[in-house]
Structure formats: structure tokens, C-alpha cells
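Residue-level listing of the chains:
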Amino acid sequence: MAFVVLSGCPSSGKTTLALKLRQDFLARMADESYTGPSWEVVIVEDDIGVLGRTVYSESRLEKPVRASLLSEVTRSLSKRTIVICDGLNYIKGYRYQMNCAAKEAGVRACTIHVATPPEKCKEFNRTRAPTEAYTEETMDALLMRFEEPSSMARWDSPLFTVGWDDPSPPFDDIWLAMTSAVKKKANPSVVPNGQTATDTIQTLHSATSTLISHLLSHLSLSPLSPHLKLPSPPYPPSGLNLPQRTITLSELQRLKRQFEGIQMNGFKRGGEGVKRAGWGEKEWAEAWVRFLEVQWGVNEEEG
Ligand code: ADP
Ligand code: MG
């Protein structure tokens, strides 16, 4: 269903973040207001075996570790699973391969860069048990070789950057990217001429409200219908699948607030969210339809 690639220097806090992220995903799915599918959340780690972190001191030893991590990831990716790859993932070409695996499996992917400064990594490294720690030399060599993820690279995006001291990592945005983003869509990276953030926010409100009015008038005629036809564009040609139960106006208002809140947060936070400044009616409409279907557990792609 989704694939999160962590990338960061040795002892930067990747495993710490992977555990927090899994907690966050599980808490969202356990929330009583959540009605979407329950995905399994799997953390796949580099299996360094008895050699410990010294495998990273020699490329001869490191290669098989990378190969086995990639094949473990490939095995784990499925429609029912959120896979978090907890490894250094510091080689650009390697992250590209991971991204291809995700595309092949038809799952959404994102990259999280744990951006801890080298000096801080070294400090963390010194606090680790000797069996877990990297040697000074390995540490220096890896810091030197590290190829930082970039949001300009197709295979790294969407990219979220998290600082070691960030008290609230962008989990809302990550969740949204993993569950509702339109798959393999080329994101506009520049804001089209003349378009301002205010225009974009108005377009967002208008896309959400218009769909709600279509839906309410449809439900007043056929309250338990499984599907709503929508004008396309801006809405997707497949329309909107509906849950087989009563939908109340207050539920719709709550979902609208939730969706807009998450979108606006991402928007203000900058980074990946800023791309939404270039979104028009169609992008918002598609994201909103997908969001509702995922919340209701009726998205055909997600099963
Ligand atoms: P990695 O998986 O990137 O090698 P870990 O998550 O295992 O890093 O963290 C390495 C060490 O640094 C651990 O001892 C961990 O407790 C410590 N650590 C990680 N993140 C933080 C943080 N934000 N604040 C303090 N200590 C941290
Ligand atoms: Mg780790």
C-alpha cells in the first residue's frame, strides 16, 4: 500500500523515528473516528548479522547487506502493508532502485531524511552500546559518502526532512502522502504565473464544498446509493464511491475540516507542502475524493 524510505547518517536517529512513525500510523488506524482499512505496518531493517556495524567499513561486506535489504523490501511491499525501510539508504542509485520496486508493486512511496548534523550523530554514536556503535573511521567514511536525498529527484519525492530535535515531525503530511496522494503524478514544482496562495486556498474550499453539495442533493434522492457521479473534470471520471450506511452532514463537515486542516498545515509548513501552491481545481478535487474514499474504506485501488 505504501513505502517509507528512511535515509540518514549513521546514528542520526532513524530507528528512533521509525518506531515513532509506526506508533503514529497505528494510532491513526486505531482512532474511533477512522473508518479506512487497517494496514499492517512493517519495519524492515538492514540485517548486519554477527559482523555488526563493521560491515559498513568495507564495500565488499556492505554490498550483500544492501542487496538483502532490497529483496526484503521487495518481498514485504503489498496492498495490505505499510513498509518502513529503516537503513542508511545513503546511495542515490540505491534509493532509485527502492523507488522502482515501489512503483512495480503499485504502492505510494516517500522518503524521510533524518537530517541530524554530523557532530550530533557522532555524539549519539558515542552513547551506543559497543555492539551497536560504528567505529570512528566507519562513521567518518559514511558521513563522507552520504548522498543526501533531494526533493528535485523523482525517486526521493515526496521528501520530508525531519530534524533530530523536531518535537512534532510532519506525521499528518506523511500519512496523507501515504494514503491519499495521487499515485505517480508529476507534481508541479513551480507555481504557475499569477497564482497566489490565496487563490489556491479558495480553490481548495470550493472543491470541498462543491462536492458536498453534489453529495447532499444526491443523498436526499437516494440515501443508500453506493456511488456518486461527479462532473469530470475536475473530479475523477470514476466519481465517488460511498459507504453502505447513512452519511450525516456533521460527518461531512468533520471530514472537510480534517482534510482542509491537513492540507493547510502542509501548505504552511513549507517543504513538500509548498508544491500544493500550484494545485488547481482538479488536483484538489482528486485528492478530496481519494481522501473520502480512504476514510470510508471504499477506495477500489486500496482494496
Ligand atoms: P540510527 O538508527 O540512525 O543509527 P538510532 O535511532 O538507533 O539511530 O539512534 C542512535 C542513538 O542516538 C541511540 O542511542 C538513540 O537513543 C540516540 N538518539 C536518537 N535520536 C535521539 C534524539 N532525538 N535525542 C537524543 N538521543 C537520540
Ligand atoms: Mg538504526
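Residues numbered from 1 in each chain as written. Chains lettered and ligands numbered in written order. Predicted model: local features only at pLDDT ≥ 70, side-chain atom pairs only at ≥ 80, totals over all residues. Heavy atoms only, no water.

**Some remarks on the site of ligand 1**
Taken together, Cys9, Ser11, Ser12, Gly13, Lys14, Thr15, Thr16, Phe124, Thr127, Arg128 and Trp164 make up the full set of residues near ligand 1. The backbone of serine 12 places a nitrogen or oxygen atom 3.1 Å from an oxygen atom of ligand 1. In the environment of ligand 1, an oxygen atom lies 3.0 Å from a nitrogen or oxygen atom belonging to the backbone of glycine 13. For ligand 1, the protein covers 71% of the area, taking 560 Å² as the surface of the free molecule. Ranked by residues supplied to the shell around ligand 1, first place goes to helix H1 (residues 14-30) with three residues. Classifying every residue of the shell around ligand 1 gives three nonpolar, six polar and two charged. (Near = heavy atom within 4 Å. Polar contact = N/O pair within 3.5 Å; in protein donor to acceptor, adjacent residues only side chain to side chain. Areas by Shrake-Rupley, 256 points an atom, 1.4 Å probe, with all protein chains shown as cover. Helix = DSSP H or I, 4+ residues; strand = E, 2+ residues; numbered from the N terminus. Nonpolar A, V, L, I, M, F, W, Y, C, P; charged D, E, K, R; others polar.)

**Some details on unusual backbone geometry**
For the bond running from serine 232 to proline 233, omega is -15°, close enough to zero to count as cis. Counting through the fold element by element, proline 233 comes out in the loop between strand S6 (227-228) and strand S7 (240-241). Proline 234 follows proline 233 through a cis peptide bond whose omega is 10°. As for its position among the elements, proline 234 is in the loop between S6 and S7. The backbone phi angle of serine 11 is positive, close to 55°, even though this residue is not glycine. Counting through the fold element by element, serine 11 comes out in the loop between strand S1 (2-8) and H1. One non-glycine residue, asparagine 89, lies in positive phi territory at about 40°. Along the chain, asparagine 89 falls in the loop between strand S3 (81-86) and helix H3 (92-105). Overall, asparagine 89 belongs to the buried group, its relative accessible area being 4%. (Buried < 20%, exposed > 50% of the residue type's maximum accessible area, 1.4 Å probe, protein only.)

**Notes on the packing of aromatic side chains**
In this structure the tally under the stated criterion is ten aromatic pairs. Centre to centre, the rings of tyrosine 56 and tyrosine 134 are 6.3 Å apart; their planes meet at 45°, and the pair counts as tilted. Pair noted here: tyrosine 56 is in the loop between strand S2 (40-45) and helix H2 (59-76) and tyrosine 134 is in the loop between helix H4 (118-126) and helix H5 (136-145), with a separation of 78 residues, a long-range link. For the residue pair tyrosine 56 and tyrosine 134, the accessibility class agrees, reading buried in each case. Ring geometry for phenylalanine 124 versus tryptophan 164: centroids 5.9 Å apart, planes at 75°, classification edge-to-face. In this pair, phenylalanine 124 is assigned in helix H4 and tryptophan 164 in the loop between strand S5 (159-162) and helix H6 (171-179), connecting sequence segments 40 residues apart. We classify phenylalanine 124 as partly exposed; its relative accessible area is 26%. Look at tryptophan 164 and you get partly exposed, because its relative accessible area is 39%. Each member of the aromatic cluster is reached from another via a ring pair, and the members are Phe25, Tyr34, Trp39 and Trp175. Just above the ring of tyrosine 94 sits the side chain of arginine 66; from NZ or CZ to the centre is 6.0 Å. (Phe/Tyr/Trp six-rings, centres within 6.5 Å; stacked < 30°, edge-to-face > 60°. Lys NZ or Arg CZ within 6 Å of the ring centre and 35° of its normal.)

**Quick word on the packing of H1 against H6**
Interhelical geometry of H1 versus H6 gives an angle of 70° and a closest axis separation of 11 Å. For the element pair H1 / H6, the angle class is roughly perpendicular. Handedness of the crossing formed by H1 with H6: right-handed. Across the interface between the two elements, Leu17, Lys20, Leu21, Asp24, Phe25, Arg28 and Met29 of H1 pack against Phe171, Asp172, Ile174, Trp175 and Met178 of H6. (Axes fitted to C-alpha atoms, helices over the stretch in contact; angles between N-to-C directions. Parallel < 35°, antiparallel > 145°, perpendicular 65-115°, else oblique. Left-handed = near helix turned anticlockwise from the far one by under 90°. Contact = heavy atoms within 4.5 Å.)

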